[in-house]
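# Breakdown of the fold
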Amino acid sequence: MAFEAVSAGWKSLGKKPLFLFFKDTRNVFRNDELGKEIMQIALPSALALTADPIASLIDTAFIGHIGPVELAAVGVSIAVFNQVSKVAIFPLVSVTTSFVAEEDATERLNTEAYDNETGADHNGVTNKGYALLNQEIEMEEQLPRVESTYRKTNDRRHNPSASTALIIASLLGLIQALFLIFSAKPILNYMGIDSSSPMLKPAQQYLTLRSLGAPAVLLSLAMQGVFRGFKDTKTPLYATMVGDVANIILDPIFIFMLRMGVSGAAIAHVISQYLIALILLWRLMKEVDLLPPSINDLQFGRFLRNGFMLLVRVIAATFCVTLAASLAARQGTTSMAAFQVCLQIWLATSLLADGLAVAGQAILASSFAKKDYEKAMATASRVLWGLVLGLVLSFSLVAVLQFASRLFTKDINVLQLISLSIPFVAVTQPINALAFVFDGINYGASDFAYSAYSMVLVAFVSIACLFILSSSYGFIGLWVALSIYMTLRAVAGFWRIGTGTGPWRFLRG
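Residues numbered from 1 in each chain as written. Predicted model: local features only at pLDDT ≥ 70, side-chain atom pairs only at ≥ 80, totals over all residues. Heavy atoms only, no water.

## Digging into the overall build of the protein chain
The condition is simple: Put simply, DSSP marks the helices as runs of H or I at least four residues long and the strands as runs of E at least two long, and each gets a number from the N terminus on. Residue burial is assigned from relative accessible area. The probe radius is 1.4 Å, only protein chains are included, and a residue is buried under 20% of its type maximum, exposed over 50%, and partly exposed in between. Residues count as neighbours in contact if any of their non-hydrogen atoms are within 4.5 Å of one another. Note on areas: these come from Shrake-Rupley sampling with a 1.4 Å probe, and a residue is covered only by the protein chains present in the view.
Counting its secondary structure elements, the protein chain contains 18 helices and zero strands. When each of the 509 residues of the protein chain is scored for burial, the buried share is 55%. In the protein chain, of all internal contacts separated by at least 6 residues, the share reaching a separation of at least 24 is 84%. With the model as given, the accessible surface of the protein chain reaches about 23400 Å², and the carbon-plus-sulfur share is 66%.

## Describing helix H10 (residues 234-257)
In an α-helix, one turn spans 3.6 residues; hence positions three or four apart end up facing the same way. Stated formally: Multiplying 1.5 Å by the residue count of a helix minus one yields the expected span of that helix.
Its 24 residues place the ends of H10 34 Å apart at the C-alpha level, agreeing with the 34 Å of an ideal helix rising 1.5 Å per residue. With its phi angle positive at about 55 degrees, Arg259 sits one or two positions after the end of H10.

## Notes on a nonpolar patch on the surface
Note the cut-off: Every patch collects residues that have over 30% relative accessible area and no salt bridge, joining them within 9 Å if they carry like charges and within 5 Å if they are nonpolar side chains (Val, Leu, Ile, Met, Phe, Trp, Tyr). Criterion for a salt bridge: a side-chain nitrogen of Lys or Arg within 4 Å of a carboxyl oxygen of Asp or Glu.
Nonpolar side chains collect at one region of the surface, where Val245, Ile249, Ile253, Met257, Leu258 and Met260 lie side by side and expose about 550 Å² of accessible area between them. Note that Met257 resides in helix H10.

## Regarding unusual backbone geometry
The phi angle at Lys371 is positive, at roughly 60 degrees, despite the residue not being glycine. Along the chain, Lys371 falls in the loop between helix H13 (333-370) and helix H14 (373-382).

## A look at the packing of helix H7 (residues 160-190) against helix H9 (residues 214-229)
As a reminder, the rule being used: Angles here are taken between N-to-C directions and fall from 0 to 180 degrees, while the axes themselves are lines fitted to C-alpha atoms, restricted in helices to the stretch in contact. For classification purposes, angles smaller than 35 degrees are called roughly parallel, those larger than 145 roughly antiparallel, those between 65 and 115 roughly perpendicular, and all remaining angles oblique. Helix crossings fall into two classes, left-handed where the near helix is turned counterclockwise from the far one by less than a right angle and right-handed where it is turned clockwise.
At a minimum axis separation of 7 Å, H7 and H9 run at an interaxial angle of 160 degrees. Of the possible angle classes, the one that applies to H7 and H9 is roughly antiparallel. The way H7 lies across H9 gives a crossing that is right-handed. The residues of H9 that touch H7, namely those facing Ala162, Ala165, Leu166, Ala169, Ser170, Leu172, Gly173, Leu174, Gln176 and Ala177, are Ala214, Pro215, Leu218, Leu219, Ala222, Met223 and Val226.

## Quick notes on the environment of Ser471
Definition in use: Nitrogen and oxygen atoms within 3.5 Å of one another constitute a polar contact, given that in protein one can donate a hydrogen and the other can accept it, and given that sequence-neighbouring residues count only through two side-chain atoms.
Counting through the fold element by element, Ser471 comes out in helix H18 (residues 448-499). Between the C-alpha atoms of Ser471 and Leu327, which are 144 residues apart in sequence, the distance is 9.2 Å. Of note is the side chain of Ser471, whose polar atom sits 2.9 Å from the backbone oxygen of Phe467.

## Digging into the pattern of salt bridges
This structure, assessed with the given rule, holds six salt bridges. Across the pair Asp439 and Arg313 runs a salt bridge, and its minimum N-O distance is 2.6 Å. Placement of the pair is Asp439 in helix H17 (residues 429-444) and Arg313 in helix H12 (residues 300-330), with a sequence separation of 126 residues. A salt bridge links Asp447 to Arg496; its shortest N-O distance comes to 2.7 Å. Residue Asp447 is found in the loop between H17 and H18, and its partner Arg496 is found in helix H18; the two are separated by 49 residues along the sequence. A relative accessible area of 6% means that Asp447 is categorised as buried. One network of salt bridges, with partners in common, ties together Glu37, Lys231 and Lys375.

## Some details on the packing of aromatic side chains
Threshold: Each Phe, Tyr or Trp ring (for Trp, its six-membered ring) is paired with any other whose centre lies within 6.5 Å, and the angle between the two planes then decides the class: stacked below 30 degrees, edge-to-face above 60, tilted in between. Two conditions define a charge sitting above a ring: the NZ of Lys or the CZ of Arg must be within 6 Å of the ring centre, and it must be within 35 degrees of the ring normal.
All told, the structure shown has twelve aromatic pairs when counted by the stated rule. Ring centres of Phe99 and Phe303 lie 5.5 Å apart, and the angle between their planes is 85 degrees; on these two criteria the pair is classed as edge-to-face. Placement of Phe99 in helix H4 (residues 68-118) and of Phe303 in helix H12 is noted, with a sequence separation of 204 residues between them. Judged by centre distance (4.6 Å) and plane angle (20 degrees), the ring pair of Tyr373 and Phe506 falls under stacked. Taken as a pair, Tyr373 in helix H14 and Phe506 in the segment after H18 lie far apart in primary sequence, 133 residues in all. Three or more aromatic residues joined by ring pairs form one cluster here, namely Phe99, Phe303, Tyr443 and Phe448. Directly above the ring of Trp282 sits Arg283, whose terminal nitrogen or CZ lies 5.7 Å from the centroid. Its guanidinium or amino end placed over the ring of Phe99, Arg302 lies 3.6 Å from that ring's centre, counting from NZ or CZ.

## Describing empty space enclosed by the protein
Spelled out, the test is: Points on a 1 Å grid, built from protein atoms alone, make a cavity when a 1.4 Å probe fits but cannot get out and make a pocket when they are open with protein on both sides within 12 Å along at least 5 of 7 lines; residues with an atom within 4 Å of a point are the lining residues. Grid points are joined across faces, edges and corners, and a volume is the space filled by probe spheres set on the points. Under the scheme applied, nonpolar residues are Ala, Val, Leu, Ile, Met, Phe, Trp, Tyr, Cys and Pro; charged residues are Asp, Glu, Lys and Arg; polar residues are all the others, including Gly.
Tallied over the entire structure, the rule returns three cavities of 30 Å³ or more. Volume-wise, the second largest cavity comes out at about 70 Å³. As for the second largest cavity, its lining consists of Arg313, Asp439, Asn442, Tyr450, Ser451, Ser454, Met455, Val458, Arg489, Ala492 and Gly493. Broken down by secondary-structure element, the contributors of at least two residues to the lining of the second largest cavity are H17 and H18. A total of eight residues in the lining of the second largest cavity trace back to one element, the largest contributor, which is H18. Split by residue class, the lining of the second largest cavity holds four nonpolar, four polar and three charged.

## Notes on the side chain of Thr235
Within the secondary structure layout, Thr235 lies in helix H10. Thr235 gets classed as buried once you look at its relative accessible area, which sits at 11%. At a separation of 2.8 Å, a polar atom in the side chain of Thr235 contacts the side chain of Asp232. When residues no more than four places from it in sequence are discounted, the contact partners of Thr235 are Phe227, Leu280 and Arg283.

Okay, structure coming up:
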């Protein structure tokens, strides 16, 4: 009797969404077809995602040798530019990845269905038509080149979401550039740099010049979203690597050889961003027909509805990080310089796990479009690789950061504050990894509304923690509050799938 009760209870537990999620974790490191697909998307994506923070770290390292005032000033400017960029582009990139993946999966399903009905092979050619095909190939070889060009144009993918994303990104890029150029000084004043501060002039110079690259940044990130939707993360990686190498070469030339200081760093970064955008546009035009047959094919309504949800989320998340930077700036030049170095390292290392989030989002969006819920569940479990990656990053940062911090500054006071921040930067890596991974899972399920509302709730709690802890414990209080913020993000991200609600209702059987 007791055995039957325990057995029934165990079977009931096995049907719970939380149990179903962890059931497949034994296959997390399995090198099967799904595992290879995840890694082929995640690894290049992780490298590409960390490239821009690394480029900012390089700027920080070069500028740190100019002086602590310039280092702190650029830190505020980079924080402003990155946070405004996230508000403008992050919703677009996330929505683009999911929608492009869904449309691509749907198109493949329709093509396969048509081929099955007509008895066609994978090229859409009927088995009875090979003789006719051979005749057409012979005739085509004798036709002018214009016919060949027409066929290549038809071979390109028609994806309305890709075209929509590029149009929106271009408009947002121009708006962001104008906004930051004409509002640089009041924004910096709001960030804690008043008119009498020595940081104001270099901060304003850097932010104004860096803003000229906003259209390129937003356009290139939108195109990365398109490539991610196609499960191609290698192309964005190659383009980003070329741009970052150019930035590394140009930085010392403009900063030291031409004696342009922080302005030279900004110009070098802008040139690299336009180079990345041009490479991505060139590659995308070869794969996608960017001119839709009709303006009615564009997906503006769908983008705006779901994009608004993610915009609410990004504003909430951005406000938390920006507030932390502002509170650090109000504590003085030394605190802001140390906070800038630690924040850039914190973001750069955490974004390695975001590669798994991108892989999860692309595969899940495709799986949900095909109603392949078994693959969706397996993918969600597999991306728990992020936890292991976070643990590896924690140990690596503890070992390396004490020595690497001297690459960014020689100021003894700044180095002392950096050393106090290292435990928080290192220990939170597994938490950050899980938070990013669960974000990708929710985006892949197109659960944008929940992502927005949950982040607003997390932001309210985190903002209160930032004010209370920073006023009580100063610089260390900021990092304690940011650790609480990331922990709440991870819990909120897991809640949906753990309870089997929303798009994960199928877990309840």
